[in-house]
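Chain by chain, the residues run as shown.
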Amino acid sequence: PVERALLPFRATGLWKNPNRTGLFLAFLLPIMVSFLEGGDSFPRRPFLPGALLVMTVPALMFTYSRTAWAAALASLVFYWGSWQKRKLLRLCCVGLLLFGLFPSVAGRIGRNPFHSATMLYRYRIWQETWRLVQKYPLTGGGGGALRLALRPLRADHAHNHFLQLAAEKGLPALLLFAGLVYWLFRKPLRSGDRGEDRRLQRGVQGAIVGQLVAGLTESLWVVPLDVFFFWFGLAFVTARRRRMTSEEQGLFLK
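The text that follows walks through the structure, step by step, so that each part is easy to find. Everything numeric in this text was worked out from a predicted model, so none of it was measured.

## Examining the overall build of the protein chain
Stage number 1. Looking only at helices and strands, the protein chain features 12 helices and 0 strands.
Stage number 2. In sequence order, the protein chain lays out its α and β elements as α-α-α-α-α-α-α-α-α-α-α-α.
Stage number 3. With 254 residues in all, the protein chain has 40% of them scored as buried.
Stage number 4. For the protein chain, the accessible area works out to roughly 15,400 Å², and carbon and sulfur atoms hold 66% of it.

What follows is the structure, given as structure tokens:
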């Protein structure tokens, strides 16, 4: 209620939820950037990724989702961090410009976002979730037990991806997830890939980095689309590439 005076509206999208819409856009953002930067390899279609990017950035901003903003920032820092430091500087300048020109953005972040009403509410949820982890550390209490524990707080998930996994499936499941993430980012870029393929692979990795950051304050896998995004990204990055045979090329051209 305190923020309503500063926020003229919030873009909610098809989910009627600004946080979910923001996470969807934040996942697509580094992938569209990778297509746009690899536009020299797609001379016939340079307009589409650019147009999508122009629409995505303001839509993402007007969700006013701090989680989605953090996810988008982390994904772009990962994507550009290894070879394009100048673009990171430009990104920082754009962020400061938005902070200065839009009072609603500055008000949404606030002086200390970690002590906002939303975060204090999440702290209470995390405390109850952690109690369930302590009670069932190896097997987890299951989704039903977690929902029952959070019912007094009127929450149906833990608002933390990692705590949710541990509470539902146990700490071994959290370790397994950590192993999958480690495998995902230890996978080297495929040596036979062309430049645009390497950029796209890096963009997908950046999108998953954003999801992992968002997982600190959101339970990602309570929405089927977010589950698909993670496993799609994992398969895309880790799958082996195989050259098409002449017969397969002929079928493809037909």
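We are not done yet, so read on.
## Thoughts on the environment of Leu 28
Stage number 1. Relative to the helices and strands, Leu 28 resides in helix α1 (residues 18-37).
Stage number 2. For Leu 28, a relative accessible area of 26% corresponds to the partly exposed category.

## Looking at unusual backbone geometry
Stage number 1. Even without being a glycine, Tyr 64 presents a positive backbone phi close to 55 degrees.
Stage number 2. Tracing the chain through its elements places Tyr 64 in the loop between α2 (47-62) and α3 (66-81).
Stage number 3. Judged by relative accessible area, Tyr 64 falls into the buried class, the value being 1%.
Stage number 4. Phi is positive for His 159, which is not a glycine, with a value near 55 degrees.
Stage number 5. With respect to the helices, strands and loops of the structure, His 159 is situated in the loop between α7 (142-150) and α8 (161-169).

## Concerning the pattern of salt bridges
Stage number 1. For the structure shown, the criterion picks out 6 salt bridges.
Stage number 2. For Arg 20, the salt bridge is made with Asp 226, and the minimal N-O distance between the two is 3.1 Å. Here the residue Arg 20 occupies a position in helix α1, and Asp 226 occupies one in helix α11 (residues 224-238), the gap between them amounting to 206 residues. Each member of the pair, Arg 20 together with Asp 226, is buried.

## Focus on the packing of aromatic side chains
Stage number 1. Throughout the structure, instances matching the rule amount to 16 aromatic pairs.
Stage number 2. Chaining the aromatic ring pairs together yields one cluster made of Phe 24, Phe 27, Phe 228, Phe 229, Phe 232 and Phe 236.
Stage number 3. The ring of Phe 78 has Arg 202 sitting right over it, with the charged end atom 4.1 Å from the ring centre.

What counts and how
Residues numbered from 1 in each chain as written. Predicted model: local features only at pLDDT ≥ 70, side-chain atom pairs only at ≥ 80, totals over all residues. Heavy atoms only, no water. Helix = DSSP H or I, 4+ residues; strand = E, 2+ residues; numbered from the N terminus. Buried < 20%, exposed > 50% of the residue type's maximum accessible area, 1.4 Å probe, protein only. Areas by Shrake-Rupley, 256 points an atom, 1.4 Å probe, with all protein chains shown as cover. Salt bridge = Lys/Arg side-chain N within 4 Å of Asp/Glu carboxyl O. Phe/Tyr/Trp six-rings, centres within 6.5 Å; stacked < 30°, edge-to-face > 60°. Lys NZ or Arg CZ within 6 Å of the ring centre and 35° of its normal.

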